[in-house]
Amino acid sequence: MKVILYTDVKHLGEMGDVKNVATGYARNFLFPHMYAVPYNDQTVAYFDSRKEEIEARKEQKRKDAASLKDKLEAITVELKMPAAANGKLFGSVSALTVSEYLAKNGYDIERKRIEIPGVTIKSVGNYHCTIHLYEASVAEVKISVTAQEDASAKKDASKKAEKPAKEETAEAVSSEASEEKAE
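Residues numbered from 1 in each chain as written. Predicted model: local features only at pLDDT ≥ 70, side-chain atom pairs only at ≥ 80, totals over all residues. Heavy atoms only, no water.

K.L.:
Just to check I follow, could you spell out the pattern of salt bridges for this structure?
P.N.:
Two side chains that carry opposite charge are able to pair once their charged atoms sit near each other. Taken as a whole and assessed by the stated rule, the structure comprises eight salt bridges. Among the salt bridges present, the one from E14 reaches K61, with a minimum N-O distance of 3.9 Å. Of this pair, E14 sits in the loop between β1 (2-5) and β2 (18-20) while K61 sits in helix α3 (residues 51-74); the two residues are 47 residues apart in sequence, bridging distant segments of the chain. Looking at E14, the relative accessible area reads 17%, which means it is buried. Among the salt bridges present, the one from D17 reaches K58, with a minimum N-O distance of 3.5 Å. In this pair, D17 sits in the loop between β1 and β2 while K58 sits in helix α3, placing the two residues 41 residues apart along the sequence. (Salt bridge = Lys/Arg side-chain N within 4 Å of Asp/Glu carboxyl O. Helix = DSSP H or I, 4+ residues; strand = E, 2+ residues; numbered from the N terminus. Buried < 20%, exposed > 50% of the residue type's maximum accessible area, 1.4 Å probe, protein only.)

This is how it looks when you write it as structure tokens:
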């Protein structure tokens, strides 16, 4: 069945696009939610009258994607991950990890738009990923994965630092006790 999209529909198209879809999909999903209208002379005339408005909206999306591309290419995604001494990560860096980092820094990018070579990053180093923005607009983002300080190493260091202090206080207490007995 031929329909004209009334609004942007994820994974289908944008406002004003003419699409061929299954009849059941159109009747049961697109029409009740007002996402599309049937393709006929009246709807074609209506969308032809709004063509300039639709094109202006698409042009604004292109401009937004271009500015977002410039901003994304200027930053470096710096991730600290737990890693072994040889640089191999305990776990991996995926599109979801990059998406969460970008969300924390104010960029709303879906993980499906992020493409990492080899699907995941499994060792420490510098990498590049591709983010698909709008139409053919693509941003190349640098990713820097560094080893995180091991939590157990921190605990060991803090225990070693505490032991001498405990020994000193124990010695001081025992010397005070011996002085009291002597008196």
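K.L.:
Can you help me understand the environment of Y127 in this one?
P.N.:
Following the sequence through the fold, Y127 ends up in strand β8 (residues 125-132). Taking the C-alpha atoms as reference, Y127 lies 8.7 Å from P117; in sequence the two are 10 residues apart. If we skip the residues at most four places from it in the chain, Y127 touches I121, V141, K142, I143 and V145. (Contact = heavy atoms within 4.5 Å.)

That's the geometry; what it means functionally is another story.
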